[in-house]
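Coordinate analysis (summary)
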Amino acid sequence: MAEELQSMLQLPPSGAAGGEGLTEVSPETTTPEPPSSAAVSPGTEEPAGDTKKKIDILLKAVGDTPIMKTKKWAVERTRTIQGLIDFIKKFLKLVASEQLFIYVNQSFAPSPDQEVGTLYECFGSDGKLVLHYCKSQAWG
Amino acid sequence: MEEDEFIGEKTFQHYCAEFIKHSQQIGDSWEWRPSKDCSDGYMCKIHFQIKNESVMSHPGASTHGQTCLPMEEAFELPSDDCEVIETAAASKVIKYEYHVLYSCSYQVPVLYFRASFLDGRPLTLKDIWEGVHECYKTRLLQGPWDTITQQEHPILGQPFFVLHPCKTNEFMAPILKNSRKINKNVNYITSWLSIVGPVVGLNLPLSYAKATSQAERNSD
């Protein structure tokens, strides 16, 4: 699973700095041109377009949580929050005792079975879904 | 908005009231139940769930399109004596009761819950642990006594399971700090319940996430 996500959208180095380099990616979503090689990394199964099965997610760290080097990911609509949590935990190399929470609207944790596609429909804007994540020793 | 992560009882009641307002709008059946002398009270929701179907303990789940992803089973069928594959509907339906109370000692909300079959048989702590969502199971089972315990309901005096509140501030703090930073109102109860609920099978519909911002816009 980790490999699959990592083969997806990668920001070019110039955009990776502040994580705010969204403009590099947005041409993929706002123009009808076929995806350029800069926007879509090899390994993506289907071309980007209006009916794409993947949605763009922007991950933002909250609190003391480590910031991911790659913040913008193309994720299948059917991926669940739980799947995303597992991926981020592996990516950040969190230990088992650390819990990771994901929020929409910077305040609400969708249930683990919620699909990101649904979240994108409800909370997405400007062609992406912004999710905040935070690690915590919530229990024990 | 409180300056620190603790909330006073009045604030708790205010957030509950706002939460229930939205619940009524979407038919989510949360209610406020005052205590006998009406000095305090709690939020309550009863909900029925069918066990051992594919939709298991997660009523809020939509589709389970875990296609092509080599991840662990999202829904582990509990190896449970009570699990019946065929008919006998009564033994498959479980009544869950969730109560949100205020803890004066911790100054945070606490989730109390209990579950029973329709014939009145209560679920055991073991049943409850087995019903915990997969993603929390590992952590919870490492130290279940720190997390889900059985206690007497402060108002009803009956045995309930409780999700221990001692770490509540830890996971609420970043949300609250962030909300102050971006100057956005957050309903403490909504945020808190969205985090703790799924641990015990309670999933909040997504519309709650928008309710607070809607309220802000309406009051402008």
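Residues numbered from 1 in each chain as written. Chains lettered and ligands numbered in written order. Predicted model: local features only at pLDDT ≥ 70, side-chain atom pairs only at ≥ 80, totals over all residues. Heavy atoms only, no water.

You'll find chain B entered in an unreviewed UniProt entry as Ubiquitin-like-conjugating enzyme ATG10, with Piliocolobus tephrosceles given as the organism. According to the UniProt record, the Sequence similarities (unreviewed entry) comment for chain B reads "Belongs to the ATG10 family." The annotation that UniProt attaches to chain B under Function (unreviewed entry) is "E2-like enzyme involved in autophagy. Acts as an E2-like enzyme that catalyzes the conjugation of ATG12 to ATG5. ATG12 conjugation to ATG5 is required for autophagy. Likely serves as an ATG5-recognition molecule. Not involved in ATG12 conjugation to ATG3. Plays a role in adenovirus-mediated cell lysis." (UniProt positions renumbered as here; feature names shortened; annotations may be inferred.)

Chain A goes by Ubiquitin-like protein ATG12 in an unreviewed UniProt entry, where it is assigned to Piliocolobus tephrosceles. Checking UniProt for chain A, the heading Subunit (unreviewed entry) contains the comment "Forms a conjugate with ATG5."

**As for the nonpolar core**
Ile 88 of chain A together with Trp 30, Trp 192 and Leu 193 of chain B are the most contacted members of the largest nonpolar core, which has 73 residues in total. For this core, the leading source of residues is helix H7 (residues 188–196) of chain B, giving 6 residues. Grouped together as the second largest cluster of nonpolar side chains are 7 residues, Cys 44, Tyr 112, Phe 160 and Val 162 of chain B included. (Core = buried A, V, L, I, M, F, W, Y, C linked by side-chain atoms within 4.5 Å. Buried < 20%, exposed > 50% of the residue type's maximum accessible area, 1.4 Å probe, protein only. Helix = DSSP H or I, 4+ residues; strand = E, 2+ residues; numbered from the N terminus.)

**With respect to the packing of helix H6 (residues 168–181) of chain B against H7 of chain B**
All names here are of chain B. At a closest axis distance of 11 Å, the pairing of H6 and H7 adopts a crossing angle of 125 degrees. Classified by the angle between their axes, H6 and H7 sit oblique to one another. Between H6 and H7 lies a crossing whose hand is right-handed. Of the residues in H7, those touching H6 at Thr 168, Asn 169, Phe 171, Met 172, Ile 175 and Leu 176 are Tyr 188, Ser 191, Trp 192, Ile 195 and Val 196. (Axes fitted to C-alpha atoms, helices over the stretch in contact; angles between N-to-C directions. Parallel < 35°, antiparallel > 145°, perpendicular 65-115°, else oblique. Left-handed = near helix turned anticlockwise from the far one by under 90°. Contact = heavy atoms within 4.5 Å.)

**Overview of a nonpolar patch on the surface**
All names here are of chain B. Taken together, the side chains of Ile 46, Phe 48 and Leu 118 make up a nonpolar region of the molecular surface, amounting to roughly 270 Å² of accessible area. Tracing the sequence through the fold places Ile 46 in strand S2 (residues 41–50). Residue Ile 46 is classed as partly exposed on the basis of its relative accessible area, which comes to 31%. (Patch = residues over 30% accessible without salt bridge, like charges linked within 9 Å, V, L, I, M, F, W, Y side chains within 5 Å. Areas by Shrake-Rupley, 256 points an atom, 1.4 Å probe, with all protein chains shown as cover. Salt bridge = Lys/Arg side-chain N within 4 Å of Asp/Glu carboxyl O.)

**Digging into unusual backbone geometry**
All names here are of chain B. The backbone of Ser 29 sits at a positive phi, close to 60 degrees, despite the residue not being glycine. Relative to the elements of secondary structure, Ser 29 occurs in the loop between helix H1 (9–26) and strand S1 (31–34). For Asn 183, which is not glycine, the phi torsion reads 55 degrees and is therefore positive. The topology assignment puts Asn 183 in the loop between H6 and H7. Under the relative-accessibility criterion, Asn 183 is labelled exposed at 72%.

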